[in-house]
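Analysis of the macromolecular model
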Amino acid sequence: QVQLVESGGGLVQAGGSLRLSCAASATTFFSSYTMGWYRQAPGKQRDMVATITSGSSTNYADSVKGRFTISRDNAKNTVYLQMNSLKPEDTAVYYCNLVVLNILNYWGQGTQVTVSS
């Protein structure tokens with residue numbers, strides 16, 4: 001029922017910045033959902049990068065604290081991930097996630113982020 005569409009990925013040099021966006025098709029209760037960004041590098045597990053609750057409380061992986069910022073615009077049914085000071089180890093496919101009642105999970109198709117040395 002819910003469709004998530006990511007955008008903003010690309011190729012950047014180390015130290016550069018990217019801003020990812022995720023637009024959700026289901027809008028009625030968007031403001032009550034927890035949203036998040038996850039990433040998966042080749043040969044690795046898909047790991048949490050950042051999450052944001054309906055009350056705008058945020059949580060970040062230790063590896064991205066101080067560099068990444070997650071935010072949401074409920075009026076636009078969109079969640080963002082601002083990525084600064086990018087490192088080669090940030091290279092991965094980034095996925096948008098929406099959680100309903102801590103049970104149902106919806107995922108976007110993913111957007112590739114590549115950081116060159």
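Before going into details, it helps to say that this report is about the structure given with it. (Residues numbered from 1 in each chain as written. Predicted model: local features only at pLDDT ≥ 70, side-chain atom pairs only at ≥ 80, totals over all residues. Heavy atoms only, no water.)

Here's the deal with the pairing of strand β10 (residues 104–107)
Bridge analysis of strand β9 (residues 92–100) against β10 gives four bridges, and the strand direction is antiparallel. In the sheet register, Val 100 faces β10, and the bridge partner there is Leu 104. Between β9 and β10, which pair antiparallel and follow one another directly, the connecting turn spans three residues, one of which, Leu 101, has a positive phi of 55 degrees. (Pairing = 2+ DSSP bridges. Helix = DSSP H or I, 4+ residues; strand = E, 2+ residues; numbered from the N terminus.)

A closer look at the side chain of Glu 6
With respect to the helices and strands, the residue Glu 6 is situated in strand β1 (residues 4–7). The charged side chain of Glu 6 is buried without a salt bridge, its nearest counter-charge being Arg 46 at 7.5 Å. Of the polar contacts made by the side chain of Glu 6, one reaches the backbone nitrogen of Gln 109; its length is 3.0 Å. Among the polar contacts made by the side chain of Glu 6, one reaches the main-chain amide nitrogen of Gly 110 at a distance of 2.9 Å. When sequence neighbours within four positions are dropped, the list of residues in contact with Glu 6 reads Ser 21, Cys 22, Trp 37, Tyr 94, Tyr 95, Cys 96, Gly 108, Gln 109, Gly 110 and Thr 111. (Buried < 20%, exposed > 50% of the residue type's maximum accessible area, 1.4 Å probe, protein only. Lys, Arg positive; Asp, Glu negative; His and termini not counted. Salt bridge = Lys/Arg side-chain N within 4 Å of Asp/Glu carboxyl O. Polar contact = N/O pair within 3.5 Å; in protein donor to acceptor, adjacent residues only side chain to side chain. Contact = heavy atoms within 4.5 Å.)

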